[in-house]
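Now for the letters of each chain:
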Amino acid sequence: DTWSLYARPGVDLRTRSLCTIGALAALGHEAVLKLHIFGALNNGVTQLEIEEVIVQVCMYAGDPRMRAALQVAKKAFQEHKPKAD
């Protein structure tokens, strides 16, 4: 399952979050992308890092996918509520 993948050794949660965002953006899975952006923000990933990973998608998945993912990210940033410690 997904959670067991995130618990594997060798790559930290921030890196896994960024890889997942890149893959979802490239595949055009906007509905799930938003949830993973929330998770990435909770894992300490910055908005700038998320945006840059999405921009990187443009070269490989095309401009329309990148633009759609950036729109999802913009909404996610506005709606994100940091988890309480």
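Data block above holds the structure.
Residues numbered from 1 in each chain as written. Predicted model: local features only at pLDDT ≥ 70, side-chain atom pairs only at ≥ 80, totals over all residues. Heavy atoms only, no water.

**Q** I'd love a proper account of the packing of helix H2 (residues 13-27) against helix H3 (residues 30-42), names of residues and values included.
**A** Between H2 and H3, whose axes approach to 9 Å, the crossing angle comes to 165°. When the axis of H2 is compared with that of H3, the two are roughly antiparallel. H2 and H3 meet at a crossing whose hand is left-handed. Mapping the contact onto sequence places Ser17, Thr20, Ile21, Leu24 and Ala25 in H2 and Val32, Leu33, His36, Ile37 and Ala40 in H3. Its residues placed into classes, the contact of H2 with H3 shows seven nonpolar, three polar and no charged. (Axes fitted to C-alpha atoms, helices over the stretch in contact; angles between N-to-C directions. Helix = DSSP H or I, 4+ residues; strand = E, 2+ residues; numbered from the N terminus. Parallel < 35°, antiparallel > 145°, perpendicular 65-115°, else oblique. Left-handed = near helix turned anticlockwise from the far one by under 90°. Contact = heavy atoms within 4.5 Å. Nonpolar A, V, L, I, M, F, W, Y, C, P; charged D, E, K, R; others polar.)

**Q** I'd like a description of the environment of Gly28, backed by residues and values.
**A** Position of Gly28 among the secondary structure elements: in the loop between H2 and H3. Sequence separation between Gly28 and Glu49 is 21 residues, and the spatial gap between their C-alpha atoms is 19 Å.

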